[in-house]
Amino acid sequence: MISDKLFSALNDQVNYEFYSAQIYLAMQAYCASEDLNGFANFFKVQVEEERFHASKFFDYIIDMNGKVIITGFENPDTDFNSMLTVFKNTLEHEQIVTKRIYNLMDIATEEKEHATISFLKWFIDEQIEEEKTDNSIIKKLQRIGEDKAALYMLDAELMLRVFTPPTPV
Ligand SMILES: [Fe+2]
Ligand SMILES: [Fe+2]
């Protein structure tokens with residue numbers, strides 16, 4: 001049995017994942033306006049990932065006979081002064097998401113809600129990947145500095161990113 005408290009926290013995460021998608025859509029727009037289309041592609045794929053995360057929480061709540069309530073969120077940032085700022089903000093945002101997933105896991109553990117504990121494990125692993133990706137790109141951007149040619153090489157690399165929905169388990 002999932003408590004009202006846990007359902008409410010899971011519902012908040014549906015909305016927070018959609019909010020993440022909006023944040024990354026704004027970053028995609030910024031990168032595209034800077035004509036860095038590989039960086040824009042990176043965020044386009046990230047938007048799809050976030051919507052996928054949201055729909056995973058959405059489906060889980062419905063599967064467990066709960067109710068999904070969609071809310072609005074504040075406007076995301078639209079201006080950044082560099083790609084490094086974009087990725088530092090991205091990492092900061094993902095660290096908040098990780099804390100939120102841990103908080104959900106704490107509630108599920110307190111309530112001995114084993115189905116939810118099992119469901120959340122996928123997100124614990126996913127957050128490792130998210131933070132690892134952002135840290136790696138931040139390191140690359142720091143190394144690149146003001147080197148425009150190197151920035152375009154990274155842009156070309158990020159153009160190759162594609163969204164592959166994980167196979168359901
Ligand atoms: Fe996410
Ligand atoms: Fe991911």
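This text gives an overview of the structure that appears in the document. (Residues numbered from 1 in each chain as written. Chains lettered and ligands numbered in written order. Predicted model: local features only at pLDDT ≥ 70, side-chain atom pairs only at ≥ 80, totals over all residues. Heavy atoms only, no water.)

Notes on the nonpolar core
- Within the largest apolar cluster, 46 residues are counted, with the highest numbers of intra-cluster contacts made by Phe39, Phe43, Phe57, Phe87 and Leu141.
- Every element with two or more residues in this core is listed here: helix 1 (4-33), helix 2 (37-63), helix 3 (83-110), helix 4 (114-144) and helix 5 (148-158).
- Beyond its immediate sequence surroundings of up to four residues, Phe43 is in contact with Tyr24, Met27, Gln28, Cys31, Val86, Phe87 and Thr90. (Core = buried A, V, L, I, M, F, W, Y, C linked by side-chain atoms within 4.5 Å. Buried < 20%, exposed > 50% of the residue type's maximum accessible area, 1.4 Å probe, protein only. Helix = DSSP H or I, 4+ residues; strand = E, 2+ residues; numbered from the N terminus. Contact = heavy atoms within 4.5 Å.)

With respect to the coordination of the iron ion (ligand 2)
- The iron ion (ligand 2) binds to the protein through Glu49 (OE), Glu126 (OE) and Glu130 (OE), with metal-donor distances spanning 2.0 to 2.8 Å.
- Taken in chain order, the donor set of the iron ion (ligand 2) reads E-x76-E-x3-E. Note that Glu49 is positioned in helix 2 and Glu126 in helix 4, a separation of 77 residues in sequence. For the pair Glu49 and Glu126, a shared accessibility class is recorded, and that class is buried. (Donors = N, O, S within 2.8 Å, 3.2 Å for Na, K, Ca; no water.)

Focus on the pattern of salt bridges
- For the coordinates displayed, the defined rule picks out three salt bridges.
- Across the pair Arg161 and Glu49 runs a salt bridge whose closest N-O atoms are separated by 3.3 Å. With Arg161 in the segment after helix 5 and Glu49 in helix 2, this residue pair connects regions lying 112 residues apart in the sequence.
- Here Glu157 makes a salt bridge to Lys140, at a shortest N to O gap of 3.7 Å. Of this pair, Glu157 sits in helix 5 while Lys140 sits in helix 4, placing them 17 residues apart in sequence.
- Owing to a relative accessible area of 29%, Lys140 belongs among the partly exposed residues under this scheme. (Salt bridge = Lys/Arg side-chain N within 4 Å of Asp/Glu carboxyl O.)

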